[in-house]
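A look at the structure
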Amino acid sequence: MGKIFKYLSKYYTVIIGIILLLVVQAYCELSLPQYMSDIVDVGIQQGGIEHIAPDEMRKETFESLCSFLNEKEEEFLRNCYTKNETGNYKRNKIQQEELEELDKILGMPMIAMSAKGQGAEFNLEHINETLIGQQARMIVKYEYEALGWDLADYQNHYMFHTGGKMLTMAVIMMIASILVGLLASKVSAKLGMELRGKVFKKVVAFSHNEIETFSTASLITRSTNDIQQIQMVAVILLRMVVYAPIIGIGGVFKVINTKTGMGWIIGVAVGSIILLVGILMSTTMPKFKKMQTLVDRLNLVSREILTGVSVIRAFSREKFEEKRFEGANRDLMKTQLFTSRVMSMMMPAMMLIMNCITVMIVWFGSKGVDLGDLQVGDMMAFITYTMQIVMAFLMITMVSVMLPRAGVAANRIDEVLQTQESILDPVQQIQEPKTGWHGTVVFEDVSFSYSGAKEHAISHISFTAEPGKTTAIIGSTGCGKSTLLNLIPRFYDVTEGKITLDGIDIRDIKQKKLRDLIGYVPQKGILFSGTIASNLKFARNVTEENMKKAAHIAQAENFILEKEDQYESPIAQGGTNVSGGQKQRLSIARAIAKNPKVFLFDDSFSALDYKTDVVLRKALTEEITDATVIIVAQRISTILHAEQILVLEEGKIVGKGTHSELMKTCETYQEIAKSQLSEQELQEQSLVSKEV
């Protein structure tokens, strides 16, 4: 939960505004039961007579009351009333405190005066403050009748006045509630947007190592489902969790002021609710934590199946994958069912508590009404206040169903945001070479091992790749060719040794600058949804001329021009609407259009037919004369005429030189060449390549 509050802290000004609006809303809501009580007790039972001190009374009534008061009380009474032209005494406009004091003074004298006038014996025994007030107001009612007042009109005036106050409070409460909803929604929407932006920005900055640590499926879940959980809970926090304590504490104070003597019932209700919530949370919290992991697992399985659906069908493994998905789905379902079943007990239990509390209030309140210690309106107000307090705890309890899961989601997001990237920019960037960048790449005794691996993936690699020349890397599967290539753009950082670009350690060059100098074509061609033009211009500041020239060099121009919209032809997500060879050629064209100083081709010609491969390499050689070209290849034909060929075996260089040199000196290279081509084919390949 602390993480959620941390995320919300930056919106403190809006939150303060929300809290103030909630205070207004709570004040209005807490005022309504008292107005309801006044309508029942004063408006209906007492005919709208609110105070014991009459608004106006006859001279004889006034003098009679004075006879029951001491000197100080009589002086206070005379100061509160003024004799009018009819000889009656009319109450002055006095402060509320003075009016309440006057009510206390006149209560007993009113009853005593009435008893004396009727010749009855006045007995103070078994008479309480509530009964005194009720009887005194009845005497005031008789006084108004004696004055000739229209009591029905007087009662209606009170009812309409009090009802108008209730309506005003209800309208203010509605407006405050609407404003709180709008502000809370705005805050949660902005919070979700910013968190998604932060997570995305962080993930984009991750090296391959961090991405592999979290897994792609988990990062997608954290960026979508987890942030959605926080966004939803943020609204509820601001609208309900903040409001509940305000209404709960306010309700307690209101209950204390009712003086019903039933405050202990509130304690029983609150204690029961806290016990219930504690039991439910201790049972479900571990399951909520497990649920997020199971969502990750389900996403992972779904992603694998959907990505590899063609392979699954080719090997007739649909049933197996269905069982695997069903297993992940069922595990999540079981956990969700457990939490849902446990939490489903909450509402019935809460309703039972509320109903029991209502019965207790009615039971003990009716006894108070019977004894004259309590009025019906006060009991109704007490029930309402008690329900408000219980509902406040009910709101918190309902939110508590979501809070644990949101807390887990917040921790998972914070885990991503707090992860330190293993590949960082230098504190101070080294100045560019005075003669500009040329693209000379040098490996100096480079070794690298993956995180958690005991052995190096590549060991003690040293070579120089120069501009205008092609350096080819070949070897058996798993020998470290792609790993070596991935070290140059710093997708991973070397474990030992160093890689330099024009004499500068690449770790001393900012990543953006380093990658601006590199044209990278991955082993698997990746295209983005959009058009052919948007993909070829993926690098910044690519002109129309450069785009078309790149397409021509990459042998993509022919199939592009055959399309109806040519360069504006749409590309589906992942390039699914173009063939593998076309996808590779577009990927190569994208790198060429960037006009980099270093080209990295990670087995990027594997999907091309032999003729296209030869023509493309010829175009590369002719058009790109000032850049360093490093090619990872599986086919001998692709690298026959490279100026330098590196032969890797188990992560080490076992051969270095040209094709002809390696055919004489490197046994591993000879085995690769002979496994792919016969002696005659090798000779023919050499002749064809020379002609090209």
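Residues numbered from 1 in each chain as written. Predicted model: local features only at pLDDT ≥ 70, side-chain atom pairs only at ≥ 80, totals over all residues. Heavy atoms only, no water.

1. Overview of the overall build of the protein
Selection rule: Elements are defined by DSSP. Helices are runs of H or I of four residues or more, strands are runs of E of two residues or more, and each kind is numbered from the N terminus. To get the radius of gyration, use the C-alpha atoms; to get the globule rule, take the number of residues to the power 0.38 and multiply by 2.2 Å. Throughout this description, buried means an accessible area under 20% of the type-specific maximum (1.4 Å probe, protein chains only), exposed means over 50%, and partly exposed covers the range between. The criterion used for residue contact is that any of the two residues' heavy atoms lie within 4.5 Å. Accessible surface is estimated by sampling points in the Shrake-Rupley manner with a 1.4 Å probe; for residues, cover comes only from the protein chains shown. Only four residue types enter the charge count, namely Lys and Arg as positive and Asp and Glu as negative; His and the chain termini do not. Just so you know, the charge point we use is NZ for Lys, CZ for Arg, CG for Asp and CD for Glu.
Broken down by element type, the protein carries 26 helices and 15 strands. In summary, the protein has a C-alpha radius of gyration of 43 Å against a globular reference of 26 Å for 692 residues, an excess of more than 25%. Among the 692 residues that make up the protein, the fraction classed as buried is 46%. Taking the contacts inside the protein whose residues are at least 6 apart along the sequence as the reference set, 78% of them involve residues at least 24 apart. Accessible surface computed for the protein: about 35700 Å², of which carbon and sulfur atoms make up 56%. Counting 73 positive and 78 negative side-chain charges, the protein places the averaged centre of each group 5 Å from the other.

2. Some remarks on the sheet that holds strand β2 (residues 81-83)
Applied cut-off: Two strands qualify as a pair provided that DSSP identifies no fewer than 2 bridges between them.
Reading across the sheet, the 3 strands line up as β1-β3-β2 and stay open at both edges, with antiparallel pairing between neighbours. Of all strands in the sheet, those bounded by a partner on one side alone are β1 (56-57) and β2. Where β1 meets strand β3 (residues 89-91), 2 bridges bridge the pair, whose relative direction is antiparallel. Paired with Glu56 across the two strands is Lys90, which belongs to β3.

3. Details of unusual backbone geometry
For Asp502, which is not glycine, the phi torsion reads 55° and is therefore positive. With respect to the secondary-structure elements, Asp502 resides in the loop between β7 (496-501) and β8 (504-505). Looking at Asp502, the relative accessible area reads 19%, which means it is buried. Its identity as a non-glycine residue notwithstanding, Gln555 has a phi of 60°, on the positive side.

4. What to know about the pattern of salt bridges
Heads up, the condition is: Only one rule defines a salt bridge in this text: a Lys or Arg side-chain nitrogen within 4 Å of an Asp or Glu carboxyl oxygen.
Summed over the entire model, instances satisfying the criterion amount to 17 salt bridges. Linking Arg58 and Glu143 is a salt bridge whose minimum nitrogen-to-oxygen distance equals 3.0 Å. With a gap of 85 residues between them, Arg58 in the loop between β1 and α3 (59-66) and Glu143 in helix α6 (residues 129-146) connect regions that are remote in the sequence. By relative accessible area, which is 27% here, Arg58 ends up partly exposed. Here Arg490 and Asp493 are joined by a salt bridge, their closest N and O atoms 2.8 Å apart.

5. What to know about the side chain of Asp414
Within the secondary structure, Asp414 sits in helix α15 (residues 376-418). What makes Asp414 buried here is its relative accessible area of 9%. Beyond its immediate stretch of four places on either side in the chain, Asp414 contacts Lys3, Lys6 and Tyr7.

6. What about helix α22 (residues 610-623)?
How we decide: One less than the residue count of a helix, multiplied by 1.5 Å, gives the span that helix is expected to have.
Look at α22: 20 Å from first C-alpha to last across 14 residues, which is about the 20 Å you get at 1.5 Å a residue. All buried positions along α22 are accounted for by Thr612, Asp613, Val614, Leu616, Arg617, Ala619 and Leu620. Contact partners of the buried residues in α22: α19 (544-553), α21 (580-593), β12 (598-602) and α23 (636-639).

7. Re the packing of helix α7 (residues 151-205) against helix α9 (residues 216-241)
The test is simple: Interaxial angle, 0 to 180 degrees, is taken between N-to-C directions of lines fitted to C-alpha atoms, where a helix line uses only the stretch in contact. Oblique is the label for any angle not under 35 degrees, not over 145, and not in the 65 to 115 range, which are roughly parallel, roughly antiparallel and roughly perpendicular in turn. Should the near helix be turned anticlockwise from the far one by less than a right angle, the crossing is termed left-handed; should it be turned clockwise, right-handed.
Relative to each other, α7 and α9 sit at 160°, their axes nearing to 8 Å. Relative to α9, the element α7 lies roughly antiparallel. Viewed along their axes, α7 and α9 form a crossing whose handedness is right-handed.

8. Considering the sheet that holds β7
Ordered in space as β5-β4-β7-β8, the 4 strands form an open sheet in which the pairing is antiparallel. Each end of this open sheet is capped by a strand with a single partner; those strands are β5 (458-465) and β8.

9. Describing the packing of α3 against helix α4 (residues 71-80)
At a minimum axis separation of 10 Å, α3 and α4 run at an interaxial angle of 155°. As judged from the angle between their axes, α3 and α4 are roughly antiparallel. For the pair formed by α3 and α4, the contact residues are Phe62, Glu63 and Cys66 on the first element and Glu74, Leu77 and Arg78 on the second.

10. Description of the packing of aromatic side chains
Two descriptors summarise a pair of aromatic rings, namely the distance from one centre to the other and the angle between the planes of the rings. Heads up, the condition is: Ring pairs are drawn from Phe, Tyr and Trp, using the six-membered ring of Trp, whenever the two centres fall within 6.5 Å, and their geometry is named by plane angle: stacked under 30 degrees, edge-to-face over 60, tilted for the rest. Criterion for a charge above a ring: Lys NZ or Arg CZ within 6 Å of the ring centre, and within 35 degrees of the ring normal.
In the structure shown here, the tally under the stated rule is 12 aromatic pairs. Where Phe448 meets Tyr450, the ring centres are 4.9 Å apart and the plane angle is 80°; that geometry is what we call edge-to-face. These aromatic residues form a ring-pair network of at least three members: Phe62, Tyr81 and Tyr89. The cationic tip of Arg317 hangs over the ring face of Phe320; the distance from NZ or CZ to the ring centre is 4.2 Å. In this structure, Arg590 is placed above the aromatic ring of Phe538, and the distance from its NZ or CZ to the ring centre is 5.9 Å.

11. Topic: the nonpolar core
General note: in soluble globular proteins, nonpolar side chains tend to be found buried as a group. Short version of the rule: To form a nonpolar core, buried Ala, Val, Leu, Ile, Met, Phe, Trp, Tyr and Cys residues must be joined to one another through side-chain atoms within 4.5 Å.
Tyr7, Leu8, Leu191, Leu195, Ile230, Ile361 and Ile413 are the most contacted members of the largest nonpolar core, which has 68 residues in total. When neighbours within four sequence positions are excluded, Leu191 is seen to be in contact with Tyr7, Leu8, Tyr11, Ile230 and Ala234. Membership of the second largest hydrophobic core comes to 50 residues, among which are Ala472, Leu527, Ile588 and Leu640.

12. Here's the deal with the side chain of Gln511
Locating Gln511 in the fold gives a position in helix α17 (residues 511-516). A relative accessible area of 12% places Gln511 in the buried class. Leave out the neighbours within four places in its chain, and Gln511 touches Ile423, Leu424, Asp425 and Arg490.

13. Here we look at a nonpolar patch on the surface
Quick reminder of the rule: Within the patch definition used here, like charges are joined within 9 Å and nonpolar side chains (Val, Leu, Ile, Met, Phe, Trp, Tyr) within 5 Å, considering only residues with over 30% relative accessible area and no salt bridge.
Where nonpolar side chains cluster on the molecular surface, the patch consists of Leu167, Val171, Met174, Ile175, Ile178, Leu179 and Leu182 and spans about 650 Å² of accessible area. The residue Met174 is located in helix α7 in this model. Classification of Met174 as partly exposed rests on a relative accessible area of 47%.

14. Let's talk about the environment of Gly407
When you line up the elements, Gly407 lands in helix α15. C-alpha separation for the pair Gly407 and Glu557, spaced 150 residues apart in sequence, amounts to 53 Å.

15. A look at helix α13 (residues 318-344)
Compared with an ideal rise of 1.5 Å per residue, which puts 27 residues at 39 Å, α13 spans 37 Å between its outermost C-alpha atoms and is within 8% of the ideal. Along α13, the residues classified as buried are Glu321, Ala328, Leu332, Thr335, Thr339, Val342 and Met343.

16. Regarding a negative patch on the surface
The grouping of Glu649, Glu650, Glu667 and Glu671 at the surface amounts to a negative patch. Within the element layout of this structure, Glu671 appears in helix α25 (residues 667-676). On the accessibility criterion, Glu671 (49% relative accessible area) is partly exposed.

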